[in-house]
Every structure is written in C-alpha cells, then in structure tokens.
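Understanding the architecture of this molecule
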Amino acid sequence: MHSPQCDVIIAGCGPTGAMLAAELRLHAVRVLVLEKETEPASFVRIVGLHIRSIELMAMRGLLERILERGRRRPAAGFFAAIDKPAPEGLNSAYAYLLGIPQPVIVDLLEEHAMELGAQVRHGCAVVGFEQDDDGVTVELGDGERLRSRYLVGCDGGRSTVRKLLGVAFPGEPSRSETLMGEMEVGAPQEEVAATVSELRETDRRFSLAPAGVGVYRVVVPTAGVSDRAAPPTLEDFRRQLRAIAGTDFGVHSPRWLSRFGDATRLAERYRVGRVLLAGDAAHVHPPIGGQGLNLGVQDAVNLGWKLAAQVRGWAPETLLDTYHTERHPVAGDVLDNTRAQMELLSTEPGPRAVRRLLTELMDFEEVNRHLMEKITAIGIRYDFGDGPDLLGRRLPDIDLKQGHLYGLLHRGRGLLLDRTERLTVGGWSDRVDHLADPTAALDAPCVLLRPDGHVAWVGDDQRDLDKHLSRWFGRPAN
Ligand SMILES: Cc1cc2nc3c(=O)[nH]c(=O)nc-3n(C[C@H](O)[C@H](O)[C@H](O)COP(=O)(O)OP(=O)(O)OC[C@H]3O[C@@H](n4cnc5c(N)ncnc54)[C@H](O)[C@@H]3O)c2cc1C
C-alpha cells in the first residue's frame, strides 16, 4: 500500500470535525478534513455554548472572536426549561450561556483550523474505507482514494463512517418530531403573544417568537414520525399549528423549514483500530438543554492531543483508548439527562406533577447546582483512580502571578502548575510546560494538567510526578 498522504483524515467539517482538526494542528499533525457539502445549511439554528465549551474557547485563545459573534445570556433555565435563576458561586470565570448561530461557530472553528494549517476540502463525501496495519484508505464519492494513518468520523448522526465500521448504535428511535422554521405571521402581534403565552403554560416544547424584522421562529411538536427524507412544507406547519393552538396564525412566506426528531442513541465503541468516532456520529439525543454541539466540541478536545500523541509516536500504550473510557460515559450521562428532561416536558398529569416537584427541589441550591454542573459539563470528573477530589476534574481559569491560567494553554500542551517551586518536568519539557508560582490560587501544592485542562496528578513528590508524567505523556525524551 502506498504511503499516507496525511496523518489524519476527518470526515465532516461540522463543529466537532473543525475543532478536532485545530486540536491536531496544535501538535503539527497533517490533517485533511473532507466535508460533503459545498454550501452551509439553509436553516440557521441558534445554539447555546455552555460554560465548559466557553472555557475551552478561552483555553485556545478563541474567546474574543466568539464573544463578538454571539450573545451572552444568564446561565439559567436550562434543565427541562425550568425557570430558575443560576445557583450562587458557580466556579467559573465564564458563568454564562453564549447564544450563537451554529453556522457562525462552524465558520470560526474552520477558519481557526485552517489558520493552524489544516486542509479542508468541501464537496468531498467519504463513501468507503478500508483499514490495515499501517493506515486507512479512504474512498470519496467521485472514486478518488486517499491514504492516511487514522480516520475520524465526525460526520453527524447518520454517520457513514460509523455504519461502514459496523459499530452498533443502540438506543431509542425517534418517536416524535418537532417542526422548526422561520416565516412571516399574518395574525396581529397581540393575538400571537396572548395565545403563545397561554400555550406555553402547559407545553414548553412549543414556541413562536420574533426572529428579526417581520419574521418569527416557529417550533411546533408533532405526534409520530414522518418520512424524514422529505422536508416539511408550510402546509405541515399550518396543520400542526391548528391542531395545537387552534389557529395557524396566518403563517406565510417561509424563509426556511426543517424538522428534528428525538432519537437517543450511543455508539457502542468510539474506536475500532485506526478509525474513531466523535460528536453526533457517536451520540444523538433530543436538543433539550442544548448539549449536542458542546459534547462534540468537548469530544474533540479530549481526543485531539491523544491522537496527536499516537501519530507523533510518544503516546503511552493505552492513551488513545482512554478517549472511549472517558467520553463514552459522559455521553451516556447526557443521553440520560435528556431522557429525563423529555419526560419533564410531557403534558401528561404524572410528568407534570414530577416537574412541579423538581421545580420546588431546585430551590435547594445543591440541587440547582448539580443540574447546572451536569448540563454545562463543568461537573465532569474523569476516573483517573483514587485521589483527591480535584483529580480528574477540569481546573477553572485561576489567577496566576503572570495573568490567567487559560492564557497558558493556547498551545495545547501539558502544564505543571507548581506552588512548591522545587519540582521539574525533566525529560518531558518538549510536551509539558512548567510554571512555578507560589501565589497560584490553587488548593493543592502542585497539579499536572493535561492539554484538555483536566487534572492528571495532584501532589508534591517528584518521583510520584515522574510516574504520572510517564502515564500521560509517555517516555521522557532523554
Ligand atoms: C433544533 C436543534 C437545536 C440544537 N441546539 C443546540 C444547542 O443549543 N447546543 C448544542 O450544544 N447543541 C444543539 N443542537 C445539537 C447540535 O446541532 C449538534 O449536536 C451538532 O451539530 C453536532 O456537531 P457534529 O459536528 O458532531 O455533527 P454535524 O453538525 O452533523 O456535522 C457533520 C458534518 O459532516 C458532514 N458529512 C456528513 N456525512 C459526510 C460524509 N460521508 N463525508 C463527508 N462529510 C460528511 C455534514 O455535511 C456535516 O457538515 C441542536 C440541534 C437541533 C436539531
């Protein structure tokens, strides 16, 4: 077989693929992203970036660019759309939600990846691949064949890569659908506002809200599942609005119309040999709580440095497999919380009573905080074995004598944050930075941070540190 043209091919340039490409480029891995579409989608979903994703943007120096294009909103009301203020003292400098159109975030991440040297080819669909001991041969729609050492399927919920890989995708199929679109409304504004507010008292899945001059965004649930291949028509919206609201509000002149289902599925394996899955290709769930894109971007940051280490040749034996062991349970937890949220949106008397009870319980700060840390992903603690509570958690953007922690993580390297001023990273200095700072606002003598910002070690003993440097960063250079 001929030699690889690049190190990693990524199928799909959505948010996950673009973020992964950028993460790999931080380590000079040769990356080619293949995106089947030539144009962005006609429909524009506004997505919410949650705290952990905003932190990741700050960690990679992207925060200012992203803030410019999004709108900050309070970090509250996420769980099943239960209207409660944010809990006190969330442990983050970025405790807000950033609303941003999905195409804008995809553009920004793609631009960032390309600035770092990733190649992106649009209009190239991956239709097949074969893997062997040395690499993967990827086949495109026009018959072209490309060779790489690894392939990552970031090609969305109907992932071709996942299907060809034969990885099972167990879970529940779509049982109901929601129509979503932007259109003009003929009924008077006051009448619309009154009907909508009455309806939302009992059905939080329904919404009809202004989305620009003269245009409304309409979100309306339907019973059952239609032929997903056919896009919805304006008549579908009218019929469903009449069924739910008793009026179609005189909707006309649609800008775009789309639909989404509530399938909930998780890939059984995230890796088979040289082929991996990330983002929606690995997990799908209803959009309640706004977690899918966040989860995909966070998969990319977890996988990027590990796959780079594998390509560069310094990865410890089992490092790449920790991508599955760490991220699969996180997605499982997100799937479960969306299942719970969907139940809480039901208009049946039982779920409505549970919703009222949970609404009361959320007055307890601890309950509110627990749910918030789940949805925003700042509560994640990977299982790195026994150790203090900090081990496996992400470190917030703490103050240092030379600024903020996240400012030191832009290059995606490990970091030894050392308050003792007597430890060293020795032969790992090509992969791990060392900052001695006795003033660091840290509740531990010293921590070792992985490139994804999670705490890989806590302590003050050099021999123990060396053991953990080997565990995460392989053999020392000399
Ligand atoms: C109504 C709605 C609201 C949402 N709101 C939020 C929210 O507020 N917050 C949030 O976090 N998430 C939200 N989501 C979920 C979010 O949109 C997805 O989770 C996210 O798009 C997943 O990103 P991805 O890159 O993994 O996959 P995708 O965005 O699906 O990208 C996959 C890419 O791969 C390309 N592709 C597909 N097949 C191939 C192939 N064979 N070869 C090459 N390229 C291919 C596609 O064209 C596409 O560009 C929402 C979803 C919906 C439906």
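Residues numbered from 1 in each chain as written. Predicted model: local features only at pLDDT ≥ 70, side-chain atom pairs only at ≥ 80, totals over all residues. Heavy atoms only, no water.

A few words on the layout of surface pockets. Its boundaries defined by the atoms lining it, the second largest pocket holds a volume of some 490 Å³. In this structure, the second largest pocket is lined by 29 residues; those nearest its centre are Glu326, Val330, Ile380, Arg381 and Tyr382. Those elements that provide at least two residues to the lining of the second largest pocket are α8 (292–312), α9 (322–344), α11 (365–376) and α12 (462–473). A total of seven residues in the lining of the second largest pocket trace back to one element, the largest contributor, which is α9. Class assignment for the residues of the lining of the second largest pocket results in twelve nonpolar, ten polar and seven charged. (1 Å grid on protein atoms, 1.4 Å probe; cavity = no way out; pocket = protein on both sides within 12 Å on 5 of 7 lines; lining within 4 Å. Points joined across faces, edges and corners; volume = space filled by probe spheres on them. Helix = DSSP H or I, 4+ residues; strand = E, 2+ residues; numbered from the N terminus. Nonpolar A, V, L, I, M, F, W, Y, C, P; charged D, E, K, R; others polar.)

Glancing now at the site of the ligand. Around the ligand sit 29 residues in total, of which Glu35, Arg45, Gln102, Leu293 and Asn294 are the nearest. One nitrogen or oxygen atom from the main chain of Gly290 is found 3.0 Å from a nitrogen atom belonging to the ligand. Between an oxygen atom of the ligand and a main-chain N or O atom of Gly292, the distance comes to 3.3 Å. Relative to its unbound accessible area of 1000 Å², the ligand is 85% covered by the protein chains. When residues of the shell around the ligand are traced back to their parent elements, those giving at least two are α1 (15–25), β2 (31–35), β3 (46–49) and α8. The element contributing the most residues to the shell around the ligand is α8, with three residues. For the shell around the ligand, a count of residues per class yields eleven nonpolar, twelve polar and six charged. (Near = heavy atom within 4 Å. Polar contact = N/O pair within 3.5 Å; in protein donor to acceptor, adjacent residues only side chain to side chain. Areas by Shrake-Rupley, 256 points an atom, 1.4 Å probe, with all protein chains shown as cover.)

One way to see where empty space is left: roll a probe the size of a water molecule over the atoms. As enumerated under the stated definition, the model contains two cavities of 30 Å³ or more in all. Approximately 110 Å³ is the volume found for the largest cavity. If you trace the largest cavity, you find 13 residues lining it, with Arg52, Gln298, Arg327, Tyr382 and His454 closest to the centre. Only α2 (51–59) and α8 provide two or more residues apiece to the lining of the largest cavity. In terms of residue count, the dominant contributor to the lining of the largest cavity is α8 (three residues). Split into classes, the residues belonging to the lining of the largest cavity amount to six nonpolar, three polar and four charged. Taken as a whole, the second largest cavity spans an internal volume of roughly 60 Å³. Taken together, Gly77, Phe78, Phe79, Ile82, Lys84, Met362, Asn368, Leu371, Met372 and Ile375 make up the lining of the second largest cavity.

Attention now goes to α12. Counted at 1.5 Å a residue, the expected span for α12 with its twelve residues is 16 Å, and the 15 Å between its end C-alpha atoms agrees. Looking at α12, one finds that the buried residues are Leu465, His468, Leu469, Trp472 and Phe473. The buried residues of α12 occupy an angular sector of 110 degrees when projected down its axis, which confines them to one face. Exposed and facing more than 90 degrees away from the buried side of α12 are Arg463 and Lys467. Here the buried face of α12 lies against α8, α9, β21 (414–418), β22 (432–436), β23 (446–449) and β24 (455–458). (Expected span 1.5 Å × (residues − 1). Buried < 20%, exposed > 50% of the residue type's maximum accessible area, 1.4 Å probe, protein only. Arc of directions from axis to C-beta. Contact = heavy atoms within 4.5 Å.)

In total, this model carries zero disulfides according to the counting rule given. Cysteine Cys154 is unpaired, with the sulfur of Cys13 as its nearest cysteine sulfur at 9.3 Å. (Disulfide = S-S within 2.5 Å.)

At Ala80, a position not held by glycine, the phi torsion is positive, near 55 degrees. Within the secondary structure layout, Ala80 lies in the loop between β4 (71–74) and β5 (96–101). Residue classification places Ala80 among the buried residues on the basis of a relative accessible area of 0%. One non-glycine residue, Ser253, lies in the positive phi region at around 45 degrees. Topologically, Ser253 is positioned in strand β14 (residues 252–261).

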